[in-house]
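# Overview (structure and organization)
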Amino acid sequence: MQKFKPYKKGSEYSFTSGIFPTIELLTRQPGAALQVYLAPNSDHSQGVRKIRELCAQRGIPLEVNDKAINRLAPSSHSFALGVFKKYATPLATDAPHVVLVNPDDAGNMGTILRTMLGFGHRDLAVIRPAVDALDPKTVRASMGSVFSQRIEYFDSIDDYIARFSHHLYPFLLEGSSPLRQVSFAKPYSLVFGNEGAGLPAVYQQMGTPVRIEQDDAVDSLNLAVATSVALYHAYISNK
């Protein structure tokens, strides 16, 4: 049996940590699953019983091995850990997209992926350099939502624009259109900058720049919060 090493960004495989993300892996992307480890004496959990059932149905190797869990995810204290090979999922051409430009926080990306799924968005474009969407930290923060999403990386925003004819809605502090007055024209792309710098000024010249109105007690919203506000607006506007 293959002995897997702790995660590195360049690895060909990654991990789920926890019962629910592992169930999502086995349900949504079973073809990517390589191995599942369970903690001893964990069969009292209904979720662990579900994992055993899914592994048996799909022929995925399963082993009770607390040492492997502790070696691969030493701080997780998880009952379950899934190993999966990384995979690519091209974006849908006719669906709305979220575009993250140079995101560098795995927790934020995971939260965004989960919020996207909650508000009916399944396509995420990521402009490099960027955090790995299949990083175990991203997977855990997404609670396994990443396995229901299409995610594609691009070397530049120009490469993305060359592939898709979506109308861009860049979110900037100085965006000319208040979000409450904007109706997103399909197919659209909601574009956000990274956690520190936001979007460069050049994005003022792209599509329809949008701003989220807020109190001046803070200088800006967290990336995941700003994305959530925009996604909710898109969701209720299309109801």
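Quick look at the structure, then. This is a predicted model, so every value here is computed, not measured.

## A closer look at the overall build of the chain
- Check the secondary structure of the chain and you find 7 helices and 11 strands.
- Relative to the compact-globule value of 18 Å for 239 residues, the chain shows a C-alpha radius of gyration of 19 Å, a close match.
- A principal-axis box enclosing the C-alpha atoms of the chain has dimensions of 55 × 40 × 35 Å.
- A buried classification covers 51% of the 239 residues belonging to the chain.
- Across the chain, every contact between residues at least 6 apart in sequence was considered, and the portion connecting residues at least 24 apart equals 79%.
- For the chain, the exposed area adds up to about 11600 Å²; of that, 50% sits on carbon and sulfur atoms.

## Looking at the packing of aromatic side chains
- Enumeration according to the criterion identifies 11 aromatic pairs in this entry.
- On the basis of an interplanar angle of 85° and a centroid distance of 5.4 Å, the ring pair of Phe154 and Tyr160 is categorised as edge-to-face.
- Since its relative accessible area comes to 6%, Phe154 is described here as buried.
- Classification of Tyr160 by relative accessible area gives buried; the value is 0%.

## Details of helix H1 (residues 19-28)
- Among the residues of H1, Pro21, Thr22, Ile23, Glu24, Leu25 and Leu26 are the ones counted as buried.
- Contact partners of the buried residues in H1: strand S1 (13-17), strand S2 (33-38), helix H2 (46-58), strand S4 (80-85) and helix H5 (136-141).

Procedures and definitions
- Residues numbered from 1 in each chain as written.
- Predicted model: local features only at pLDDT ≥ 70, side-chain atom pairs only at ≥ 80, totals over all residues.
- Heavy atoms only, no water.
- Helix = DSSP H or I, 4+ residues; strand = E, 2+ residues; numbered from the N terminus.
- Rg over C-alpha atoms; globule rule 2.2 N^0.38 Å.
- Buried < 20%, exposed > 50% of the residue type's maximum accessible area, 1.4 Å probe, protein only.
- Contact = heavy atoms within 4.5 Å.
- Areas by Shrake-Rupley, 256 points an atom, 1.4 Å probe, with all protein chains shown as cover.
- Phe/Tyr/Trp six-rings, centres within 6.5 Å; stacked < 30°, edge-to-face > 60°.

Everything listed here is a matter of geometry and, on its own, says nothing about what the molecule does.
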